[in-house]
Amino acid sequence: MAATACSTALLGGAGARLPVRAAAAPRSVLLPRRNFSPLGLQGAHADTPRLSLLRAKASSDDTSAASGDELVDDLKAKWDAVENKSTVLTYAGGAIVAVWFSSVIVGAINSLPLLPKIMELVGLGYSGWFVYRYLLFKERRKELADDVESLKKSIAGTELPFSLI
């Protein structure tokens, strides 16, 4: 009777009844028991997760709201300082169109049968070269860090990427 009432409630009314036979199948078939522990815990209660390790405490932190307001105020100040707003909007629109177009190109390349595997191979080769060139030795890591700092300075406008002499 309880199973019929439950199926009636699920189907949305007294007119639609679905006969359910809960006694026909054993409990292990209806609710399979899994020996799964998300943390890989073993022991006497390996089939039940240890909730004491997964505790999270919620707290209110007003710094995120303050930093959000500061961010909005900073963006407004920078937008007001921009002299040629139409140029900025044109570049932003062009960037969005370029990202969309590159997504279309990558999708078209991905639909070809052999080309995605070749591109994976090229990417794997380039990644291996980059690790060998910049990350394997200490002197080269320093060189990479200097190149990144130089790029950041040239983007920020504090250093020119070329000399004027």
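Definitions and cut-offs
- Residues numbered from 1 in each chain as written.
- Predicted model: local features only at pLDDT ≥ 70, side-chain atom pairs only at ≥ 80, totals over all residues.
- Heavy atoms only, no water.
- Helix = DSSP H or I, 4+ residues; strand = E, 2+ residues; numbered from the N terminus.
- Buried < 20%, exposed > 50% of the residue type's maximum accessible area, 1.4 Å probe, protein only.
- Contact = heavy atoms within 4.5 Å.
- UniProt positions renumbered as here; feature names shortened; annotations may be inferred.
- Patch = residues over 30% accessible without salt bridge, like charges linked within 9 Å, V, L, I, M, F, W, Y side chains within 5 Å.
- Areas by Shrake-Rupley, 256 points an atom, 1.4 Å probe, with all protein chains shown as cover.
- Salt bridge = Lys/Arg side-chain N within 4 Å of Asp/Glu carboxyl O.
- Phe/Tyr/Trp six-rings, centres within 6.5 Å; stacked < 30°, edge-to-face > 60°.
- Lys NZ or Arg CZ within 6 Å of the ring centre and 35° of its normal.
- Axes fitted to C-alpha atoms, helices over the stretch in contact; angles between N-to-C directions.
- Parallel < 35°, antiparallel > 145°, perpendicular 65-115°, else oblique.

This next bit is on the overall build of the protein chain. Along the protein chain, the regular secondary structure elements total 6 helices and 0 strands. When the helices and strands of the protein chain are listed from N to C terminus, the series reads α-α-α-α-α-α. Taken across its 165 residues, the protein chain has 4% of its residues classed as buried. When contacts within the protein chain are restricted to residue pairs at least 6 apart in sequence, those whose partners lie at least 24 apart make up 0%.

With that settled, the discussion passes to the UniProt feature "transmembrane region" (unreviewed entry) in the protein chain. The feature "transmembrane region" (unreviewed entry), as annotated in UniProt, sits at residues 88-109 in this numbering. Along residues 88-109 the backbone is 100% helical and 0% strand, and the end-to-end C-alpha distance reaches 31 Å.

With that settled, consider a nonpolar patch on the surface. A contiguous nonpolar patch, built from Val97, Trp100, Phe101, Val104 and Ile105 and spanning about 510 Å² of accessible area, is present on the exposed surface. Along the polypeptide, tryptophan 100 turns up in helix α4 (residues 85-111). Judged by relative accessible area, which is 56%, tryptophan 100 ranks as exposed.

If you walk through the whole model with that rule in mind, you get 4 aromatic pairs. Between the aromatic rings of tryptophan 129 and tyrosine 134, the centroid separation amounts to 6.2 Å while the plane-to-plane angle is 85°, which identifies the pairing as edge-to-face. What makes tryptophan 129 partly exposed here is its relative accessible area of 42%. Since its relative accessible area comes to 15%, tyrosine 134 is described here as buried. Seen from their ring centres, phenylalanine 130 and tyrosine 134 are 5.1 Å apart, and the 50° between their planes marks the pair as tilted. Of the two residues, phenylalanine 130 and tyrosine 134 are both situated in helix α5 (residues 115-135); the distance of 4 residues between them amounts to about one turn of the helix. Relative accessible area serves as the criterion here: at 28%, phenylalanine 130 is assigned to the partly exposed category. Counting every residue linked through ring pairs, the aromatic cluster contains Tyr126, Trp129, Phe130 and Tyr134. The ring of tyrosine 134 is capped by arginine 133, whose NZ or CZ atom sits 4.8 Å from the centre of that ring. Over the ring of tyrosine 132 we find arginine 140, and its NZ or CZ is 5.5 Å from the ring centre.

At their nearest, the axes of α5 and helix α6 (residues 138-156) sit 7 Å apart, and the two run at 95° to each other. If you check the angle between α5 and α6, you find them roughly perpendicular. Two secondary-structure elements touch here, α5 through Phe130, Tyr132, Arg133, Tyr134 and Leu135 and α6 through Arg140, Arg141, Glu143, Leu144 and Asp147.

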